[in-house]
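Observations on the model geometry
Below are the chains, spelled out letter by letter.
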Amino acid sequence: MKIKDLRTAFVDRLQDHYPLEEVQSFFQITAHHFLGYSRMDIVLQLEEVVEEVKVQQFLTTCDRLKNHEPIQYILGDTEFYGLPFKVTPATLIPRPETEELVSWILEDLPKDTTLQLLDIGTGSGCIAISLAKHMEQTNVTAYDISEDAIKVASENAILNKVTVTFTSVDILKTTRLDQSYDCIVSNPPYVRELEKEEIQSNVLDHEPHSALFVSDTDPLVFYRAIGKLSYDNLSGNGRLFFEINQYLGKETVQLLKEIGFTQVELRQDIFGNDRMIKASR
Ligand SMILES: C[S@@+](CC[C@H](N)C(=O)[O-])C[C@H]1O[C@@H](n2cnc3c(N)ncnc32)[C@H](O)[C@@H]1O
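Please read all numbers here as calculations on a predicted model, not as lab measurements.

Attention now moves to a nonpolar patch on the surface. Taken together, the side chains of Met40, Val43 and Leu44 make up a nonpolar region of the molecular surface, amounting to roughly 330 Å² of accessible area. Structurally, Val43 can be placed in helix α3 (residues 39–44).

Once that is clear, we can look at the domain arrangement of the chain. Parsing the chain into structural domains produces domain 1 (3–67) and domain 2 (80–280). Each of domain 1 and domain 2 was reduced to a C-alpha centroid, and the two centroids are 34 Å apart.

In this section: the site of the ligand. Inspection of the region around the ligand gives 20 residues, with Gly121, Asp144, Asp170, Ile171 and Asn187 positioned closest. Residue Asp170 places a side-chain N or O atom 2.8 Å away from a nitrogen atom belonging to the ligand. A distance of 2.9 Å separates a nitrogen atom of the ligand from a polar backbone atom of Ile171. About the coverage of the ligand: the protein hides 96% of its 600 Å² of free accessible area. Sorting the residues of the shell around the ligand by element identifies α7 (126–134) and α10 (209–212) as the ones contributing at least two each. Split by residue class, the shell around the ligand holds 12 nonpolar, 6 polar and 2 charged.

Right, let's get into the UniProt feature "domain: Release factor glutamine methyltransferase N-terminal" (unreviewed entry) in the chain. Following the UniProt record, one finds the feature "domain: Release factor glutamine methyltransferase N-terminal" (unreviewed entry) at residues 6–76. Across residues 6–76, the secondary structure splits into 72% helix and 0% strand, with the terminal C-alpha atoms separated by 22 Å.

Our focus in this paragraph is helix α8 (residues 147–159). Spanning 13 residues, α8 covers 18 Å between terminal C-alpha atoms, matching the ideal 18 Å at 1.5 Å per step. All of the buried residues along α8 are Ala149, Ile150, Val152, Ala153, Asn156 and Ala157. Taken end-on, α8 shows its buried residues confined to a sector of 165°, consistent with a single buried face. Turned more than 90 degrees away from the buried face of α8, the exposed residues are Glu147, Lys151 and Ile158.

Thresholds applied
- Residues numbered from 1 in each chain as written.
- Predicted model: local features only at pLDDT ≥ 70, side-chain atom pairs only at ≥ 80, totals over all residues.
- Heavy atoms only, no water.
- Patch = residues over 30% accessible without salt bridge, like charges linked within 9 Å, V, L, I, M, F, W, Y side chains within 5 Å.
- Areas by Shrake-Rupley, 256 points an atom, 1.4 Å probe, with all protein chains shown as cover.
- Salt bridge = Lys/Arg side-chain N within 4 Å of Asp/Glu carboxyl O.
- Helix = DSSP H or I, 4+ residues; strand = E, 2+ residues; numbered from the N terminus.
- Domains from an automatic or database assignment.
- Near = heavy atom within 4 Å.
- Polar contact = N/O pair within 3.5 Å; in protein donor to acceptor, adjacent residues only side chain to side chain.
- Nonpolar A, V, L, I, M, F, W, Y, C, P; charged D, E, K, R; others polar.
- UniProt positions renumbered as here; feature names shortened; annotations may be inferred.
- Expected span 1.5 Å × (residues − 1).
- Buried < 20%, exposed > 50% of the residue type's maximum accessible area, 1.4 Å probe, protein only.
- Arc of directions from axis to C-beta.

As C-alpha cells, this is what we get:
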C-alpha cells in the first residue's frame, strides 16, 4: 500500500472518533515511530510503497486508538524536554506543563557547582533525567513507590546516557532523608476525586490512578509530607520545587509557609493556571 493510501485508510478509520487535526497528528506520530519519517518526509514520499507488516502495525495502532488508548502507551514512547522516553501503563505520560517546571529549575540553579538533587515520584524519570542531562555536574537521585515505574525510569536513564540513582521509596512513610539536598523537586499525585469528571477517558481508563489521584479530604497530603522532609533536609541555600494542582495554589503556598518556608513563589503555566511553586527557607 502506498503512504498516501495508508494515510487515507488511517484517517477513515479514526475520523468518527477524534477531531481531524488530532487524527492527522496521530498519523504523523505513528509514521515517525514505524517509518522514521518527519511530517515533511511524508509529503515527499506519498507514492512510496509501505511493506505489509508495517501497514498492519499502522492498522493495529488505529484499532487501539479507537479504544481511546493513549498513543504514547500504544507506541511505548514519547518525548519530554526534547529527549526520548519509554512509557508503560506503570508510568504517567509526561505532560508539557512539567517541561515548564524543568525550565524553571534549570534557569534557577547554578550550573557551575556540584549539586545534590532529589526527584520524588519520578514516574518515567522525565524530570530527573532531563535535569541530569542539562546539569552534568549534579548528582541526581529519584524515588518512586512503584517498582515498575523505577524499572522504566532506569531504562530511560540508559537511553538518555545519564546517571541517576533510582530507589523504591514510599514517601508518605519516610520520616527522614538519607542526606541533605540542594534541590528537591516533586510532581506528586494531586488530582482530587471530585475532579475526575474533568478528566478525559483516555487518561482515566489507562493512566495509573496511584500516580494521579488523592482524596478529597486531604488533597495536599504529598505536599505536607514532602514539604516537611524538604524543610529538614535542604541545604542552607536549598530550594524545593513542586508542580501543583491549579485549583489549590493559595492553599499549597499557605501550607509551605506554615511548615516554615519564608520565600514561596507561585507561578502560572502557559495557560495562566497556577501550576508551580518554588520554596526556600
Ligand atoms: C503525577 S506522577 C509524576 C510522574 C513524573 N514525575 C512526571 O512528572 O511525569 C506521581 C508519581 O508519584 C508516585 N507516587 C505515588 N505515591 C507515592 C508515594 N507514596 N511515594 C513515592 N512515590 C509515589 C507515582 O507512582 C507516580 O510515578
